[in-house]
Amino acid sequence: MVNAAGAVIGGIGDNNTQVNHFHSGPLRPIADVGAPAGVDNLPLRAERFVGRATELDRLDTITTGSATVVVHAVHGLGGIGKSALAVEWAATRPHGCTPIRWITAAGPGEVQQGLAGLATALEPELATVLPVEQLAARGVQWLATHTGWLLILDNVDDPADIAEILARTTDSGGRILITSRLATGWRHATIVSLDILTPAESLDLLSGLLTTGGPRDLDGATELCTELGHLPLAVEQAGAYLAHNPATTPRDYLRLLTGYPAAMYRRAGAGTGEHRTLARIWRVTFDRITAREPFAVDLLLTLAWYAPDTIPMSLINELADPPTINAALGILAAYTMITIDPGSAAVSIHRLVQAVARTPDPTDTHRRPDMIDQARDRATTTLTAALPATLDDPATWPVWRTLAPHTEALADHTAVGTGTTETAALLNEIAMFLTGQGLPGRAIPLHEQALTDRERILGPDHPDTLGSRNNLATAYQDAGDLTRAIALHEQTLTDYERVLGPDHPDTLTSGNNLAYAYRAAGDLTRAIALYEQALTDRERVLGPDHPDTLTSGNNLAYAYRAAGDLTRAIPLYEQALTDRERVLGPDHPDTLTSGNNLASAYESAGDLTRAITLFERTLTNRIRVLGDDHRDTLLSRNSLAGAYKSAGDLTRAIPLYEQTLTDRERVLGPDHPDTLTSRNNLASAYHSAGDLTRAIALYEQTLTDCERVLGTDHPSTLTSGNNRATAYHSAGDLTRAITLYEQTLTDCVRVLGEAHPTTVTVRENLATAVAAQRE
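Residues numbered from 1 in each chain as written. Predicted model: local features only at pLDDT ≥ 70, side-chain atom pairs only at ≥ 80, totals over all residues. Heavy atoms only, no water.

Draft legend 1. Layout of the nonpolar core. Ranked by size, the top nonpolar core spans 64 residues in total, and within it L598, L640, L682 and Y741 carry the most contacts. One finds L130, I311, A411 and L427 within the second-largest nonpolar core, a separate group that totals 57 residues. (Core = buried A, V, L, I, M, F, W, Y, C linked by side-chain atoms within 4.5 Å. Buried < 20%, exposed > 50% of the residue type's maximum accessible area, 1.4 Å probe, protein only.)

Following this line, the structure appears as structure tokens:
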């Protein structure tokens, strides 16, 4: 909510938004968390590593004698051996770093998963109790507060995906090694360029792989290396095939390549040599694999639709019986088409292999279009079967987190217009989990794709289509995109009324959701009218004691309070609390939420004695029922600090705000929206205490964080801009205050509209500042 100066002071969430579970005990200070044995996760070294002496020496030189973080980026063509170089250097050179952590960093989701993996490796007990964004934040915090470590960020596609890691670890004294196809964008890194092998090195590599088991006929080896473009990945794959087939010589292999050129080789353009080279050996490799174990090709085509790393056995074991699975994995590993982690048994595939395996080729008996479609459908069915039964049980979160990146990869690789109803259902489930984890940015593309497929296949009026439309609107709202959220909620409600009827429970829920969006946008007139209608309809259709009806009463009371109509808000809150105590029990989380909301209404009415008493009681109950670190408990602590501040008791308010900020940073992470709110609230308390130096600094930090995390046009960012201007106003810097007010007002009008409460507040503050300057 917004105070008189427009500051966020601890908004009270609706009952139906408080569903997350958090760690119930205190976390150790991150600086005190050591790195136990077994934290290293460096992949296995290449079976045979050749050349690269200059590049290895270059990395040694770069990492010598620095007390701050050292960042070096190895770039080059896909398949050029960047990852192999990183493993070789980390495993064999005297860099002195420990622990060594490897993160596949091809996108923000993989970076986040990797950082979360670091956190759970350091503190395994947190794996089932903290959402992935908190685990990732804790991983970064550990890097920032420790020294001597080596972090390898492999296959980075966008420097922005790792920018926060680089920024947060600047003074840590650790080492960061980046591998990427990108040659530019590494402003703070020393660049190491990696080229193809020399002819002598590629011949050495191929010969070594072929003669591991004894002498071999190497006729044609030099020509084969030339044909393969001296690309390490292609040479290694050819060598593995020849090693597995002693009767085949390099010249025989070369003839097969000449006789069966891959379609991708014929179509490849400049800069896509890695695809061309891989495609050239596919037909030969697949012929041999099929002859030995036909199912192995089906398995590989299926795995090609997942994320390339850490494919769990749960996505493999159901595809066939155990002997068939084992035989297929064994032959694929023998041909280096996959790698298997002995510790976790998870499977990884190079993304270039996946790219070829997903590409239909009518001339290739192993990659016919119908086979590619069947593989995609198998991947979808297997992912769907692996989903846990519930979204809300923290014990299932590790499974959801494991499946999410593979589902995102499936969605990314599915061509427009080819998705199925099963694909849409899978994307919808994963997207709802991501939204519940506070990751609407990752959820929105999945919801959009699910909606598109359901509209195409089922039609615009199917209940599943309507559900997808509602879920997408909610994700837009969570991301702060209220314009799109409202438009889509309005369309969804109209469709529900027309298709299911005005009294269907889904229709009533849709009306409630639209009212919530109106309220978030500051359109309280429409929000209140719709909440009133929703309450009346739910009482009539579901009965007065149905949980949805009780939620509607709570939501309507909140809207009345937001509109300043405390005469109607307080009795309705009191009735909601009484009803929930009677129906749900005094310790139910919804009942505790009603108690907190009623206390906030008392505070708004100036009845601080009753407000503080009820806030204190609710906080005590939440600590007892939910634990100290539950998100609702932290909300109660923030609310109580706000009541102390309203009562002028800053000696109790400020320490409680400081404690809440510290706890939220520890439990939720520094960038969680609740943490940003706490930072703002503490600045407001400093402001009230006349400590403008600390207030302004904290307001500036909060605004910067809001812009980075939420975006420049998010309502909370606009409120933060108003708060900063107010602090400068109080400090007597009217020129700067007026400039900031004017900028914020322009943005509020553009984003929120003329009548939004935040816009009105900023306009009033600007007028006051202008009048003061004229005096």
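After that view of the structure, there is still more to cover.
Draft legend 2. Quick look at the environment of F295. Positionally, F295 belongs in helix α12 (residues 294-303). Residue classification places F295 among the buried positions, given a relative accessible area of 15%. Between the C-alpha atom of F295 and that of T324, which follows or precedes it by 29 residues, the distance is 7.4 Å. When near neighbours in sequence (up to four residues on either side) are disregarded, F295 contacts L319, A320, T324, I325 and A328. (Helix = DSSP H or I, 4+ residues; strand = E, 2+ residues; numbered from the N terminus. Contact = heavy atoms within 4.5 Å.)

Draft legend 3. Quick look at helix α8 (residues 232-244). An ideal rise of 1.5 Å per residue puts 18 Å on 13 residues; α8 measures up with 18 Å between its terminal C-alpha atoms. Burial runs high along α8: 10 of the 13 residues are buried. Turning to α8, its buried residues are P232, L233, A234, V235, Q237, A238, G239, A240, Y241 and L242. (Expected span 1.5 Å × (residues − 1).)

Draft legend 4. View of the state of the cysteines. This structure, assessed with the given rule, holds zero disulfides. Of all cysteine sulfurs in the structure, the one in C706 sits closest to C748, which takes part in no disulfide; the separation is 13 Å. The buried category is assigned to C748, whose relative accessible area is 0%. (Disulfide = S-S within 2.5 Å.)

Draft legend 5. Layout of the pairing of strand β3 (residues 150-156). With seven of seven residues buried, β3 lies mostly within the body of the structure. As paired elements, strand β2 (residues 100-104) and β3 share five bridges and run parallel to each other. Residue pairing for β3: I100 is matched across the bridge by L150. In this sheet, strand β4 (residues 175-180) lies alongside β3 in parallel orientation, the contact comprising five bridges. Paired with L150 across the strands is R175, a residue of β4. The β-α-β motif built from β3, the intervening helix α5 (residues 163-168) and the parallel element β4 has right-handed crossover chirality. (Pairing = 2+ DSSP bridges. Right-handed = clockwise from strand over helix to strand, strands pointing away.)

Draft legend 6. Structural view of the environment of D671. Tracing the chain through its elements places D671 in the loop between α28 (650-667) and α29 (673-688). Sequence separation of D671 and H462 is 209 residues, and the distance between their C-alpha atoms is 38 Å. Apart from the residues within four sequence positions on either side, D671 is in contact with E164, L676, R708 and V709. Of the polar contacts made by the side chain of D671, one reaches the side chain of R708; its length is 2.9 Å. (Polar contact = N/O pair within 3.5 Å; in protein donor to acceptor, adjacent residues only side chain to side chain.)

Draft legend 7. Region of interest: helix α26 (residues 608-626). In this model α26 runs 25 Å from its N-terminal to its C-terminal C-alpha over 19 residues, within 8% of the 27 Å that 1.5 Å per residue would give. Positive backbone phi, approximately 105 degrees, marks G627, located one or two places after α26.

Draft legend 8. Focus on the sheet that holds β4. Strand order in the open sheet formed by five strands is β2-β3-β4-β1-β5, with parallel pairing between adjacent strands. Edge positions in the open sheet fall to β2 and β5 (190-193), since each of these has one partner strand only. Shown here is a sheet whose adjacent strand axes are inclined to one another by a mean of 20 degrees, direction ignored. Across the sheet, helix α1 (residues 53-62) touches β1 (70-75), β4 and β5, and the angle it forms with β5 is around 170 degrees. (Axes fitted to C-alpha atoms, helices over the stretch in contact; angles between N-to-C directions.)

Draft legend 9. Seen up close, the pattern of salt bridges. On inspection of all chains with the given rule, the structure shows 50 salt bridges. Here D461 ties to R498 by a salt bridge, and the two come within 2.7 Å at their closest N and O atoms. With D461 in the loop between α18 (440-457) and α19 (463-478) and R498 in helix α20 (residues 482-499), this residue pair connects regions lying 37 residues apart in the sequence. In this structure D461 comes out as partly exposed when scored by relative accessible area, which is 30%. Residues joined by salt bridges that share partners form a network here, namely E455, D461, R469, D495 and R498. (Salt bridge = Lys/Arg side-chain N within 4 Å of Asp/Glu carboxyl O.)

Draft legend 10. Looking closely at the packing of aromatic side chains. On inspection of all chains with the given rule, the structure shows one aromatic pair. Their ring planes at 15 degrees and their centres at 5.3 Å tell us that W400 and F433 sit as a pair that is stacked. You can see W400 sitting in helix α16 (residues 397-413) and its partner F433 sitting in helix α17 (residues 421-436), a full 33 residues away along the chain. Both residues of the pair, W400 and F433, count as buried. One residue, R610, lies across the ring of Y602, its end atom 4.1 Å from the ring centre. Note that R694 overlies the ring of Y686, its terminal NZ or CZ placed 4.1 Å from the centroid. (Phe/Tyr/Trp six-rings, centres within 6.5 Å; stacked < 30°, edge-to-face > 60°. Lys NZ or Arg CZ within 6 Å of the ring centre and 35° of its normal.)

Draft legend 11. Representation of the pairing of β2. Buried residues dominate β2, accounting for five of its five residues. Neither face of β2 is left uncovered, since the one carrying I100, W102 and T104 and the one carrying R101 and I103 both have all their residues buried.

Draft legend 12. How the structure looks around the confidence of the model for the protein. Put simply, the protein has an average pLDDT of 86, and 90% of its residues get 70 or more. Across residues 1-23 the pLDDT falls below 50, and counting only partners more than four positions away or on other chains, this stretch makes 87 contacts in the model. In this model, residues 260-277 is a region of pLDDT below 50 whose contacts with residues beyond four sequence positions or in other chains number 32 contacts. (pLDDT = per-residue confidence, 0-100.)

Draft legend 13. View of the packing of α19 against α20. Taken N-terminus to C-terminus, the directions of α19 and α20 make an angle of 155 degrees; their axes are 8 Å apart at the nearest point. As summarised for this structure, α19 and α20 are arranged roughly antiparallel, according to the angle between their axes. When the axes of α19 and α20 are compared, the crossing they make is left-handed. Judged by residue contacts, L466, G467, R469, N470, L472, A473, T474, Y476 and Q477 of α19 engage L482, R484, A485, L488, H489, Q491, T492, D495, Y496 and V499 from α20. Class assignment of the residues belonging to the contact of α19 with α20 gives a composition of nine nonpolar, seven polar and three charged. (Parallel < 35°, antiparallel > 145°, perpendicular 65-115°, else oblique. Left-handed = near helix turned anticlockwise from the far one by under 90°. Nonpolar A, V, L, I, M, F, W, Y, C, P; charged D, E, K, R; others polar.)

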